[in-house]
Each structure stands twice: as C-alpha cells, then as structure tokens.
Amino acid sequence: MTDPILKGPILKVQGLNKHFGGVVATDNLDFDVEPGEIHAVIGPNGAGKTTFVAQIAGMIKSDSGSIMFDGGEIAGLSAHARSRRGLARSFQITSIFKEFTVIENVAMSIQAHDGHSFRFWRRANTDPALMDPARALLDRVGLGARAEIVASNLAHGEQRQLEIAMALATGPKLLLLDEPTAGMGPEDSQSMAAFLRDIKGEYSMLLIEHDMDTVFALADRITVLVYGRAIATGTPEEIRGNDEVRAAYLGEEA
Amino acid sequence: MMSRAKILCLLIGFLVLVAIPPATTALDADFYMGLAARMMIFAIAAVSLDLLLGYGGMVSFGHAAYLGTGSYAVAILAFYGITDGFLQFAVAVGASALVALIIGFICLRTKGVYFIMITLALTQMLYFLGISLEEYGGDDGINTDRSEFFEWFDLGDDTNLYYLILFFLVLSLWISWRLINSRFGMVIRGSQSNDDRMQAIGFPTFRYKLTMFVIAGVICGVAGFLLANLTEFVTPEYMHWFRSGEIMIMVLVGGMGTLFGPVFGAIAYLLFEEVISDFTEHWMIIFGPILVLLVLFARKGVWGMLPGRERGDD
C-alpha cells in the first residue's frame, strides 16, 4: 500500500455546513478518508449521516465548505461529474433499476464509465464490453446465478447486494456506503459484512452503519456524528472508551 | 423474443396495409385508403410520443407542436412557390428539431405536473401563433399542394403518397426499435426508471433526455409533413392541445412503453371515431369509459393484451 503520509487522504472535507431552514444538518464538519481505509460514521437517528453522504456525492448542495477528492476540489461539481471522478455511493433506501434484469443494472453502471452514450444503433444488452464485466462483478458479489432475473423480483438482501455491485461497477476510488445492511436479517448482514471485509483495502470506504457489531469489526476509524457535529473521531477502541460518545450515543449498550 | 401471437398480428397488419391501395381501388372505395393513410400518420406521431412517454418518462402534453411545425413547413414553403419535396422535408425536420430543442430545454428542467403543464403551455403558444399568422390563413388554415419529388414518383397520386407514408411508418418503427435497445436507449429507460440513480452512477441524464426529446419531435415533424400532403390543407388546429391529447390517448390505448402498441392505438382510436361518430357526435361518451377501463386493467394497452410477455423491446 502507498504511504498515506505521502499520498494524503483520498477524501478531505473541511468546514462543511448545511442548514435546512432552522435545522442544522451539517455543522462545520471536518472529515477525511485515507486510501484503503474504512472510515465509519455513526450517530443517532437524525444526526445528519445521510445528508453528509448526499453532500459528498453531490445530491445535496452544501452551504459552505470544501470537499477535496483525489487531489481536486469537487464541492461545485454535479453528482454525475463526481461519479466520473471516482466517487460511488450506495443508497440507504435501495435504489436500483427495478424493471431491468440484475445484469442490466450492473451493465448500466459500467456503461456510465465507458465513454459517452450517444450510441444509437448497436444493441446494448448483448454488448460484451458491458455484459462481460457485469457478469464478473455479479459473480464476485454472489449474485451470478440471479443475473437474468428482473431486479424487482430479488429478495431484499439480494437487492442490497446489487446496490453495492452497481457502485463497484463504476470503478470507484472511494465508496460511500449508506447503511449497506439496512433492513437485512442477521444472516444477510453477516454476509454483507464479510463481503465488505473481503474488498477492504481494495477500495477506500466511508461507511454509515447502524449495526455496531459490523462497524466495530470493519472500521479502521470511527467518527461519531451528533446533530451534524463530529463529537469524536478515533479507532474503534478509542471510540469505545470515549465518555462523551457513551453519553451521547452508545448509552446503556456500551 | 416476441410471442407468436404478436408476430402473427404484425405480419397480418403489415400485409393488410400493403394490400389496401389495390383493394380499395378495385372496390372503388378510395375513402378507406385515405383513412388508412391517416391512421398511419397518427401511428408515426404516437410511436414518437411513446419514445418520450413510455420509455423516457417524459409526459409531453404538447406533441402536436411538431405535427403542426412539420405541416406548416410544407404549407409555408408552398405558399412561396417552393414545392420541392426534399427541401420541404428538410425544413420540416429542421424546424421540428429546433422547436423540440427549445421546448425540451425549458421543460426538461422541471418534473411531474410542471413538465406536463409547460409542454402544454408552450404548444398552445404555437397554436395561437398559427392563428395570428393571417398571411398563412390564420385560424381558417391554408391550402397547400403536394410535395414534388421525382418525375417517376408523383406524390399527387394517392397510392404513391400512401406507400410513402407506409415507408415512413416502418422506418420510424425500425429507428425506434434500434434506439430503445441501444446504449442511448438504456440511458433513457434508466432515467425513466430511476433518474437519481442514473446521476449517481455518472450519467448526465439531461443531455440524453433532451436528445431523445428532439428525436421524438423530428419523427412527429415527419408525420406533420405527411399530414399536410395527405390533407393538402394545414390549420392551427393541428397544434391544438386537443390534438396532443388524442396522440397521448392513442399511446395509452395501444400500450405505453411498447414499440408496436401505439400503432394499434392510433388505428383503434381513428377507427372508433370513424365508426361511432356515424351514429352520434358524442362518440367520446362511449370511448371515454373504454379508455378508463383500459388504463385501469390493461396497463400495456391493447398490445399488452395479446399473449406473450416481454420487456423493453416488444
């Protein structure tokens, strides 16, 4: 792995702010992700985690602040431009192309990063340039056998896997994962966690997660967000031992 | 692949369309050839609207704008003595592309009801523009001659015009089929399915949707070019919102998001209008409930009621 000190963080957020009317969603937030690292963000409901991801991904425009990604400022870019720079996100509420087959869903992501799509004539869903890498990726996330099924017919856990596969198919440098195990049963959650551990190091990740076991097992660093403010950042051990965090968030559980 | 029933239906339909000119000439029933030609023209318009409505999720309530633009291109050029068919065709295509580009550029920034209302409003503006152009007949409309192509292909002959319309119907279906299955078509259908996700995975969807809007406008503009030739008369009525609604109903009846459905929708609608309006001028009273039932119980319209289930390319 490259020396993080030499390369610097892949994502560096400084002084990020977002207000919705009187509600503060992001409050002067500093945050970074080192290359190859999983940096988890935890916090109670309404802490602004999803807003934070949406700001980085470009779905929500920030009031102020800087977002440096891979050596360049991206705060002013649109969501699709950020994706082409190498940012990929998964959605907390499953966001797939329900009417399309599983493999077409992944092929769509690959197509988005395979030049422009002003190609009007040749059939897309038999194009090996799209379908071969899509199939390989589906095999990797364990959906290979489900490739030809219409995505809406997948089980919930499988749809979550597809969600991740679509993000990976864009060939990202940084993955923004917004609760990848949302709504999953314990078994599916565990296999998702195992998969994330499997790809760890290959991708840098910003992980939002409710399931504390998953977070503490996977994350290199954890930031605790409360009312849009980072009240602590540190290794899982440090966070576990932090009194302020216990009081604000972990409560009785810790 | 398409089901046998559908392939059979298409084959029979095509053969009937090919056979209509000799049959009607033999039976001395020219009226029906004109009716069939009219059905095909509206089929082209409906197919083009379905590209927006059924594949792109763009509910354009102003598709008659291009029907009017294409037909006025013929009439206005003919008014100045320019009857060359190629030039008229080129202007019809160019003008409808420009109108679609402007309307699309404005309304594609909005969504849902706003999109519908803005396409409607801009098209009504064109309608009133047509009325205000006294020089070209205003609301009385304007007579025009048929376009001139080759010595050996006289459009003044009804049969020639009929087969030209049939040619353009087949061409527009073929183009649409290639389009919706191409990479470009995947972007359009993907953004109908989930536009946010498309942007998140890196598609600047606006420019693709705008391109589709222009393509659909051009195809409908060609329908307008043919309509002016068929009726030899152009009126602002072609751009009235009621006309936009009719084209939309054809798509809904035939089957939104199906390639061939709008063709059958156009045929069904115009046939119904023709037959029932002989009995009562309030034929909509009968047609309305049928439409409601179709929309409620057959989401893919008449075409979707045929056996066989496909996705995308049916």
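Residues numbered from 1 in each chain as written. Chains lettered and ligands numbered in written order. Predicted model: local features only at pLDDT ≥ 70, side-chain atom pairs only at ≥ 80, totals over all residues. Heavy atoms only, no water.

Trainee: So what exactly am I meant to see when it comes to the side chain of B:Asn194 here?
Mentor: Structurally, the position occupied by B:Asn194 is in helix H7 (residues 183-200). With a relative accessible area of 14%, B:Asn194 lands in the buried category. A polar atom in the side chain of B:Asn194 sits 3.3 Å from the backbone oxygen of A:Ile96. With near-sequence residues (within four places) excluded, B:Asn194 lies in contact with A:Ser95, A:Ile96 and A:Phe97. (Helix = DSSP H or I, 4+ residues; strand = E, 2+ residues; numbered from the N terminus. Buried < 20%, exposed > 50% of the residue type's maximum accessible area, 1.4 Å probe, protein only. Polar contact = N/O pair within 3.5 Å; in protein donor to acceptor, adjacent residues only side chain to side chain. Contact = heavy atoms within 4.5 Å.)

Trainee: It is not clear to me how helix H5 (residues 128-141) of chain A should be interpreted in this structure. Could you clarify?
Mentor: Residue pairs three or four apart in sequence face the same way in an α-helix, which turns once every 3.6 residues. All names here are of chain A. Counted at 1.5 Å a residue, the expected span for H5 with its 14 residues is 20 Å, and the 20 Å between its end C-alpha atoms agrees. Residues of H5 that are buried include every one of Leu130, Met131, Ala134, Leu137, Leu138 and Val141, and no others. Along H5, the residues classed as buried sweep out an arc of 130° about the axis, all on the same side. A side-chain oxygen of the first residue of H5 lies 3.0 Å from the backbone nitrogen of alanine 129; this N-cap is aspartate 127. Count one or two residues on from H5 and you reach glycine 142, which has phi positive near 85°. (Expected span 1.5 Å × (residues − 1). Arc of directions from axis to C-beta.)

Trainee: What am I meant to see in the interface of chain B and chain A here?
Mentor: Interface size, as often reported, equals the accessible area lost upon joining of the parts. The interface of chain B with chain A comprises 30 residues on the first partner and 39 residues on the second. A buried area of about 3000 Å², summed over both sides, lies between chain B and chain A, and 59% of it is on carbon and sulfur atoms. Run the count over chain B and chain A and you get 3 salt bridges. Close ionic contact of B:Arg183 with A:Asp114 constitutes a salt bridge, the shortest N to O distance being 2.9 Å. Where chain B packs against chain A, one counts 23 residue pairs in polar contact (both at pLDDT 80 or more). Listed by contribution, the elements that provide at least two residues to the side of chain B that touches chain A are helix H6 (158-181), H7 and helix H8 (205-231) of chain B. The residue inventory of the side of chain B that touches chain A, partitioned by class, reads 14 nonpolar, 8 polar and 8 charged. (Buried area = accessible area lost by both parts, 1.4 Å probe. Salt bridge = Lys/Arg side-chain N within 4 Å of Asp/Glu carboxyl O. Nonpolar A, V, L, I, M, F, W, Y, C, P; charged D, E, K, R; others polar.)

Trainee: Explain the nonpolar core to me, please; I cannot follow it from the model alone.
Mentor: One broad rule of soluble globular proteins: the nonpolar side chains tend to lie buried together. A:Leu162 and B:Phe213 are the most contacted members of the largest nonpolar core, which totals 153 residues. Among the elements that take part in this core, helix H2 (residues 30-53) of chain B stands out by supplying 17 residues, more than any other. Split by domain, this core shows at least three residues from each of two domains, domain 1 (1-86 + 173-254) and domain 2 (95-171) of chain A. Leave out the neighbours within four places in its chain, and B:Phe213 touches B:Leu52, B:Met58, B:Ser60, B:Tyr66, B:Ala100, B:Ile103, B:Gly104, B:Cys107, B:Leu108, B:Phe115 and B:Thr119. Within the second largest apolar cluster, 22 residues are counted, among which are A:Val33, A:Val41, A:Phe69 and A:Ile208. (Core = buried A, V, L, I, M, F, W, Y, C linked by side-chain atoms within 4.5 Å. Domains from an automatic or database assignment.)

Trainee: Is there a simple way to think about empty space enclosed by the protein in this case?
Mentor: To locate leftover empty space, one rolls a probe as large as a water molecule over the atoms. By the definition in use, this model includes 1 cavity of 30 Å³ or more. Approximately 40 Å³ is the volume attributed to the largest cavity. What lines the largest cavity is simply A:Ala57, A:Met59, A:Ala79, A:Arg82, A:Ser83, A:Leu87, A:Ala88, A:Arg89, A:Leu176 and B:Ala200. Only helix H3 (79-85) and strand S6 (87-90) of chain A provide two or more residues apiece to the lining of the largest cavity. Residues of the lining of the largest cavity, tallied by class, amount to 7 nonpolar, 1 polar and 2 charged. (1 Å grid on protein atoms, 1.4 Å probe; cavity = no way out; pocket = protein on both sides within 12 Å on 5 of 7 lines; lining within 4 Å. Points joined across faces, edges and corners; volume = space filled by probe spheres on them.)

Trainee: Explanation requested: the domain arrangement of chain A in the structure shown.
Mentor: Residues and elements named next belong to chain A. Structurally, chain A comprises domain 1 (1-86 + 173-254) and domain 2 (95-171). Computed over C-alpha atoms only, the centres of domain 1 and domain 2 are separated by 26 Å. Counting residues at the interface gives 18 residues for domain 1 and 11 residues for domain 2. Our count for the contact surface shared by domain 1 and domain 2 stands at 1 salt bridge. Between arginine 140 and glutamate 202 there is a salt bridge; the shortest N-O distance is 2.8 Å. At the boundary of domain 1 and domain 2, one finds 5 residue pairs in polar contact (both at pLDDT 80 or more). Elements with a minimum of two residues in the side of domain 1 that touches domain 2: H3, strand S7 (174-178) and helix H7 (186-199). Here the side of domain 1 that touches domain 2 takes 5 residues from H7, the largest share from any one element. Looking at side-chain class alone, the side of domain 1 that touches domain 2 contains 9 nonpolar, 2 polar and 7 charged residues.

Trainee: Before we go on, may I ask you to explain unusual backbone geometry in this structure?
Mentor: Excluding glycine, a negative phi dihedral is what most residues carry, and trans is how most peptide bonds are arranged. Positive phi, close to 50°, is recorded for A:Glu179, a residue that is not glycine. Among the structural elements, A:Glu179 can be located in the loop between S7 and H7. Of note in this structure, B:Asp28 is not a glycine but carries a positive phi near 55°. With respect to the element layout, B:Asp28 can be found in the loop between helix H1 (4-26) and H2.

Trainee: I would appreciate a short explanation of the pairing of S6(A) in the present structure.
Mentor: Looking along a regular strand, one sees the side chains alternate between the two faces of the sheet. Residues and elements named next belong to chain A. Residues Leu87 and Arg89 point to one face of S6 and Ala88 and Ser90 to the other, with burial holding for every one of them. Of the pairings in the sheet, the one linking S6 to S7 comprises 4 bridges and is parallel in character. Pairing of leucine 87 across the sheet is with leucine 174, part of S7. (Pairing = 2+ DSSP bridges.)

Trainee: Hey, could you run me through the sheet that holds S7(A) in this one?
Mentor: Through backbone hydrogen bonds, the strands of a sheet pair up, either in parallel or in antiparallel fashion. Residues and elements named next belong to chain A. Ordered by their spatial adjacency, 6 strands build an open sheet running S6-S7-S8-S3-S9-S10, and the pairing between neighbours is mixed. Across the chains shown, the open sheet's two edge strands, defined by having one partner strand only, are S6 and strand S10 (229-234). Pairwise comparison of adjacent strand axes, ignoring direction, gives a mean angle of 15° for this sheet. The pairing of S7 with strand S8 (residues 204-208) spans 5 bridges and is parallel. Bridge pairing in S8 links leucine 174 to serine 204. (Axes fitted to C-alpha atoms, helices over the stretch in contact; angles between N-to-C directions.)

Trainee: Can you help me understand the pairing of strand S3 (residues 38-42) of chain A in this one?
Mentor: Residue and element names in this part refer to chain A. Taken across its 5 residues, S3 has 5 buried, putting it largely inside the fold. Both faces of S3 are covered, namely the face carrying Ile38, Ala40 and Ile42 and the face carrying His39 and Val41. The sheet contact formed by S3 and S8 spans 4 bridges and is parallel. Within S8, the residue paired with alanine 40 across the bridge is leucine 207. Sheet analysis places S3 next to strand S9 (residues 221-226), joined by 4 bridges and oriented parallel.

Trainee: What am I meant to see in the state of the cysteines here?
Mentor: What we call a disulfide is simply a covalent bond connecting the sulfur atoms of a pair of cysteines. Residue and element names in this part refer to chain B. According to the stated counting rule, one finds 0 disulfides over all chains in the structure shown. Note on cysteine 107: no disulfide assigned, nearest cysteine sulfur contributed by cysteine 220 at a separation of 14 Å. A relative accessible area of 0% means that cysteine 107 is categorised as buried. (Disulfide = S-S within 2.5 Å.)

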